[in-house]
Amino acid sequence: MKALVLGGGGREHALVRALSLDPGVTDLHCAPGNPGTSELAENHVINVVDGLAVTQLAARIGAELVVIGPEAPLVAGVADALRERGIPVFGPDKEAARLEGSKGFAKEVMQAAGVPTARARLCRSPHQVAEALAEFGPPYVVKDDGLAAGKGVVVTEDRAAAERHARECGRVVVEEYLDGPEVSLFVVSDGVHAVPLLPAQDFKRAYDGDQGPNTGGMGAYAPLPWAPPGLVDEVMETVVRPTLAEMARRGARYQGLLYVGLALTSAGPRVVEFNARFGDPECQVVLDRLATPIGALLQATDTGGLPSDTRLDWRSGAAVTVVVAAENYPGDPVKGDLITGLDAASAVEGAYVLHAGTAWSGARDLKANGGRVLDVVGTGDTLAQARERAYAAASRIELRGSFYRRDIAERAAAQAS
Ligand code: AMP
Ligand code: GLY
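Residues numbered from 1 in each chain as written. Chains lettered and ligands numbered in written order. Predicted model: local features only at pLDDT ≥ 70, side-chain atom pairs only at ≥ 80, totals over all residues. Heavy atoms only, no water.

A.B. asks: Mind showing me how you'd approach the overall build of the protein chain here?
C.D. replies: Within the protein chain one finds 14 helices and 23 strands. Here the C-alpha radius of gyration of the protein chain, 20 Å, is about what a compact globule of 417 residues would show, namely 22 Å. A principal-axis box enclosing the C-alpha atoms of the protein chain has dimensions of 55 × 45 × 40 Å. Residues counted as buried form 58% of the 417 residues belonging to the protein chain. When contacts within the protein chain are restricted to residue pairs at least 6 apart in sequence, long-range pairs at least 24 apart make up 68% of them. (Helix = DSSP H or I, 4+ residues; strand = E, 2+ residues; numbered from the N terminus. Rg over C-alpha atoms; globule rule 2.2 N^0.38 Å. Buried < 20%, exposed > 50% of the residue type's maximum accessible area, 1.4 Å probe, protein only. Contact = heavy atoms within 4.5 Å.)

The following block contains the structure:
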């Protein structure tokens, strides 16, 4: 199978890596990719939100599978363009991707499908915002209605800050605060049948102890030793199947990856958000654990469907990823500084490094080129061992001003041992 991955972050490096380990994948391409993907695939410089440019590239290389990594091309309709040309694609069409692209639309679908989620109000004026904030009370949750790369959400006790965020965004969703640990569950769907992957946990705040601003994600681990038994079945039953059925009913069959962001509240799992693509950096640890070759699985969502008895095999043990972020992330990250120590980091047993925001500096040197620069992955028999290896590897990386959280998977590893 010839495969093309769209995107250029850590998630896409993980996807390229997983495809490179699939014996059924003979030819691997990535656009635009990054220095990490260039070691496993041929990188192509194109604008990945341009459907015509993507279909032309896919046709030229004879792609039999295009995996769309980020949300922007999905929301722009790149999957539609590929399907129109008969090129198999992993990722939902534009209309179905609105589950991520519009918080208001996602709430409407959840309501129609009876999916458990936070009560919410779509607000178009400061007056509506004030009413909704009063109705739900603190902590206040205010979300930009459009795409904001995980940074459009403010959760605060400070009413003035909540109102300020709403003013800056314009159209917002104000919702009830959900208390409880968060879980990311990814589901591979052909629009009718769906297969869950391993649940993972992400760390959204910038600093240790869940302090600081929300980010795209500072680290992740899988599996979750503390997850209640039956959690995945319950979410498939109460969230995934009703949502897929509701989308099909609306003529927006959902093919691709459905990311279910959950809060495990005392009243049961509640949906915090849907995304139309793999979570980053959760994807990195989930794919690390997947033993089933990924190419045919992703392709089946668009060609004849997933067999309803699809079973996935998982490696025993655990994976932890720690994100090395550039100085000043998630504000205006410092770019251009030299990165060293990657070989030393990869020499740590059970550890490897995925590129997230890097670029070549000259022919051989690497520089930081984004907020999240590297994802250091540690694997092991236990969460504690995976963690140790991830941190041993991360400590060998040098990038001026960079930082990473020291507490990724700390509590779960302590509980599990
Ligand atoms: P979202 O972009 O909707 O995923 O929100 C980003 C992050 O904000 C989530 O991962 C949560 O940590 C937090 N968050 C969003 N909605 C809620 C909510 N209703 N209650 C508590 N925290 C929330
Ligand atoms: N890590 C959270 C996300 O990808 O949305």
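A.B. asks: Where do I start with the sheet that holds strand S12 (residues 201-202) in this structure?
C.D. replies: Where strands meet in a sheet, backbone hydrogen bonds hold them as pairs that are either parallel or antiparallel. Read across the sheet, five strands follow the order S12-S15-S18-S23-S20 without closing on themselves; strand pairing throughout is antiparallel. Only two strands of the sheet have a single neighbouring strand rather than two, namely S12 and strand S20 (351-355). Packing against the sheet, helix H10 (residues 282-289) makes contact with S12, strand S15 (219-222), strand S18 (318-325), S20 and strand S23 (372-380), and its axis sits at approximately 150° to S18. Across the sheet, helix H13 (residues 383-394) touches S15, S18, S20 and S23, and the angle it forms with S23 is around 140°. (Pairing = 2+ DSSP bridges. Axes fitted to C-alpha atoms, helices over the stretch in contact; angles between N-to-C directions.)

A.B. asks: Hey, could you run me through the site of ligand 2 in this one?
C.D. replies: As a matter of local geometry, ligand 2 sits amid Asp202, Lys204, Gly216, Tyr259, Asn275, Arg277, Gly279, Asp280, Pro281 and Glu282. Burial of ligand 2 by the protein amounts to 91% of the accessible area it has alone, namely 200 Å². Along the lines of polarity and charge, the residues of the shell around ligand 2 split into two nonpolar, three polar and five charged. (Near = heavy atom within 4 Å. Areas by Shrake-Rupley, 256 points an atom, 1.4 Å probe, with all protein chains shown as cover. Nonpolar A, V, L, I, M, F, W, Y, C, P; charged D, E, K, R; others polar.)

A.B. asks: Help me understand the packing of helix H1 (residues 10-20) against H10, please; the structure alone is not making it clear to me.
C.D. replies: The relative placement of two packed helices comes down to the angle between their axes together with the axis-to-axis distance. Across the interface, H1 lies against H10 with an axial gap of 8 Å and an inter-helix angle of 15°. Relative to H10, the element H1 is oriented roughly parallel. Note on packing geometry: the crossing formed by H1 with H10 is left-handed. Across the interface between the two elements, Gly10, Arg11, Ala14, Leu15, Arg17 and Ala18 from H1 touch Cys283, Gln284, Leu287 and Asp288 from H10. (Parallel < 35°, antiparallel > 145°, perpendicular 65-115°, else oblique. Left-handed = near helix turned anticlockwise from the far one by under 90°.)

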